[in-house]
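Analysis of the macromolecular model
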Amino acid sequence: MTVQDHGHLIKRAAVASLVTATVLLLSKAAAWSASDSASVLSSLLDSLMDIAASLINFFAIRYALMPPDDEHPFGHSKAEGLAALMQSAFILGSATMLLLHVIDRLLKPQELTALPESIGVMAFSTLASVCLVMYQRYVWRKTGSLAVKADSAHYLSDILTNIAVILALVGAMWGVLWLDAVIALLVAVILVFGVITIVKEALAVLMDQALDADDEAELINIINTTDGVLGYHDLKTRQSGVVQFVQFHLELSADQSLKQAHATGEALEQRILERFPRAEILIHHDPI
């Protein structure tokens, strides 16, 4: 799959996220207006943040997929990391607002209304989120996009949140009013943990973290098993959005011609691209 194909997949995932967030926001707003449930409000606030995050993702992804130019010779892929950090800020704000509402509801429990309708809305939201996450995970496995992965992690927490809200609404039907606020509090905690995960992954990209140990081990094996290669040194790798950067010094026999050395380097680069098709490779040939 080419880089262009990856770009199309990532863009479609961003659009799907934005459309889903909008539909869920409208349905949850209707459910909260009818029920006045704190747990439904928690899910509504989360969907509001989803729209903001999806908008950021949409524009950040479009920018990240722009080809390199004179001012950005290594491309724009780090925009995905910045988008993930902005997502985290929105989610943290949502959790803070929710905590304030939970405190008020714990101090002043209230009867809830329109519970069957609200349960139906939350069940629909859960199903829609499951479909979106399945598609996002597919895109992430194909492209390695951090922005899509962060969005998928957020919607996965939405699924858990929606299930918890359904339990809270069922509890309210049985007269267990305190469960509504407790579930909302649990949702806020889940949101905070989600922020921590996203921030860690975004910083890994922005700080040029090396490829996973398994990927590096596979890369080293490709280098060592290529005909004509005597060894390597100064291997450096990093992941930036959907692109992997690989550079190293290749040790070759000093007795061979420049043409032979070049052919060995080209063969090795082709083998690396077969395993890492989105890689940008820089090889320095060292005669020994």
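Everything in this summary refers to the structure shown in the same document. As the structure is a prediction and not an experimental result, all values here were calculated from the model.

A few points about the sheet that holds strand E2 (residues 243-252)
Reading across from one edge, E1-E2-E3 is the order of the 3 strands in this open sheet, with mixed pairing throughout. Strands at the two margins of the open sheet, each flanked by one partner only, are strand E1 (231-240) and strand E3 (279-287). Pairs of neighbouring strands in the sheet enclose a mean axial angle of 10°, with direction left out of account. Pairing between E1 and E2: 8 bridges, direction antiparallel. Residue glycine 231 lies in a different strand from E2, and its bridge partner there is glutamate 251. Seen against the sheet, helix H7 (residues 213-224) touches E1 and E2 and runs at an angle of roughly 145° to E1. Across the face of the sheet, helix H8 (residues 258-275) comes into contact with E2 and E3 while running at roughly 150° to E3.

Overview of the packing of aromatic side chains
Following the criterion strictly, the structure yields 1 aromatic pair and no others. Above the plane of the ring of phenylalanine 245 lies arginine 238, whose end atom (NZ or CZ) is 4.0 Å from the centre. Over the ring of phenylalanine 276 we find arginine 275; its NZ or CZ atom is 4.4 Å from the centre of that ring.

Overview of the nonpolar core
Ile223, Phe248, Leu250, Leu268 and Ile272 are the most contacted members of the largest nonpolar core, which totals 15 residues. Counting residues per element, this core draws most heavily on E2, at 4 residues. Beyond its immediate sequence surroundings of up to four residues, phenylalanine 248 is in contact with Ile223, Tyr232, His233, Asp234, Leu235, Leu268, Ile272, Leu282, Ile283 and His284. By size, the runner-up hydrophobic cluster in this structure holds 12 residues, among which are Ile91, Ala150, Ala164 and Ala202.

Focus: the environment of leucine 179
For leucine 179, the location among the structural elements is in helix H6 (residues 178-206). C-alpha separation for the pair leucine 179 and valine 165, spaced 14 residues apart in sequence, amounts to 9.5 Å.

Points about the pairing of E2
When you tally the buried positions in E2, you get 8 out of 10 residues, the bulk of the element. Direction of pairing for E2 relative to E3: parallel, over a ladder of 9 bridges. Following the sheet pairing, leucine 252 is matched in E3 by proline 287. The β-α-β motif built from E2, the intervening H8 and the parallel element E3 has right-handed crossover chirality.

What about a nonpolar patch on the surface?
Where nonpolar side chains cluster on the molecular surface, the patch consists of Leu92, Leu99, Leu185, Val189, Val192, Phe193 and Ile196 and spans about 550 Å² of accessible area. For the nonpolar patch, the elements supplying multiple residues, two or more each, are helix H3 (79-107) and H6. In terms of residues, the nonpolar patch owes the most to one element, H6, which gives 5 residues. Examined against the element boundaries, phenylalanine 193 turns out to sit in helix H6.

Thoughts on the environment of arginine 238
Looking at where arginine 238 falls in the secondary structure, it is placed in strand E1. Residue arginine 238 is classed as buried on the basis of its relative accessible area of 19%. Linking arginine 238 and leucine 211, residues 27 residues apart in sequence, is a C-alpha distance of 5.5 Å. With residues near it in sequence (within four places) discarded, arginine 238 still touches Phe74, Lys78, Asp208, Gln209, Ala210, Leu211, Val243, Gln244 and Phe245.

Section: the environment of leucine 203
With respect to the helices, strands and loops of the structure, leucine 203 is situated in helix H6. Considered as a pair, leucine 203 and alanine 84 are 119 residues apart in the sequence and their alpha carbons are 9.1 Å apart.

Quick look at the packing of H7 against H8
Axis separation between H7 and H8 bottoms out at 10 Å; the angle between their running directions is 150°. One finds that H7 runs roughly antiparallel with respect to H8. In terms of crossing hand, the pair formed by H7 and H8 is right-handed. In this structure, H7 uses Asp215, Glu218, Leu219, Ile222 and Ile223 to contact H8, whose residues at the interface are Leu268, Arg271, Ile272 and Arg275. Split by residue class, the contact of H7 with H8 holds 5 nonpolar, no polar and 4 charged.

Conventions used here
- Residues numbered from 1 in each chain as written.
- Predicted model: local features only at pLDDT ≥ 70, side-chain atom pairs only at ≥ 80, totals over all residues.
- Heavy atoms only, no water.
- Pairing = 2+ DSSP bridges.
- Helix = DSSP H or I, 4+ residues; strand = E, 2+ residues; numbered from the N terminus.
- Axes fitted to C-alpha atoms, helices over the stretch in contact; angles between N-to-C directions.
- Contact = heavy atoms within 4.5 Å.
- Phe/Tyr/Trp six-rings, centres within 6.5 Å; stacked < 30°, edge-to-face > 60°.
- Lys NZ or Arg CZ within 6 Å of the ring centre and 35° of its normal.
- Core = buried A, V, L, I, M, F, W, Y, C linked by side-chain atoms within 4.5 Å.
- Buried < 20%, exposed > 50% of the residue type's maximum accessible area, 1.4 Å probe, protein only.
- Right-handed = clockwise from strand over helix to strand, strands pointing away.
- Patch = residues over 30% accessible without salt bridge, like charges linked within 9 Å, V, L, I, M, F, W, Y side chains within 5 Å.
- Areas by Shrake-Rupley, 256 points an atom, 1.4 Å probe, with all protein chains shown as cover.
- Salt bridge = Lys/Arg side-chain N within 4 Å of Asp/Glu carboxyl O.
- Parallel < 35°, antiparallel > 145°, perpendicular 65-115°, else oblique.
- Left-handed = near helix turned anticlockwise from the far one by under 90°.
- Nonpolar A, V, L, I, M, F, W, Y, C, P; charged D, E, K, R; others polar.

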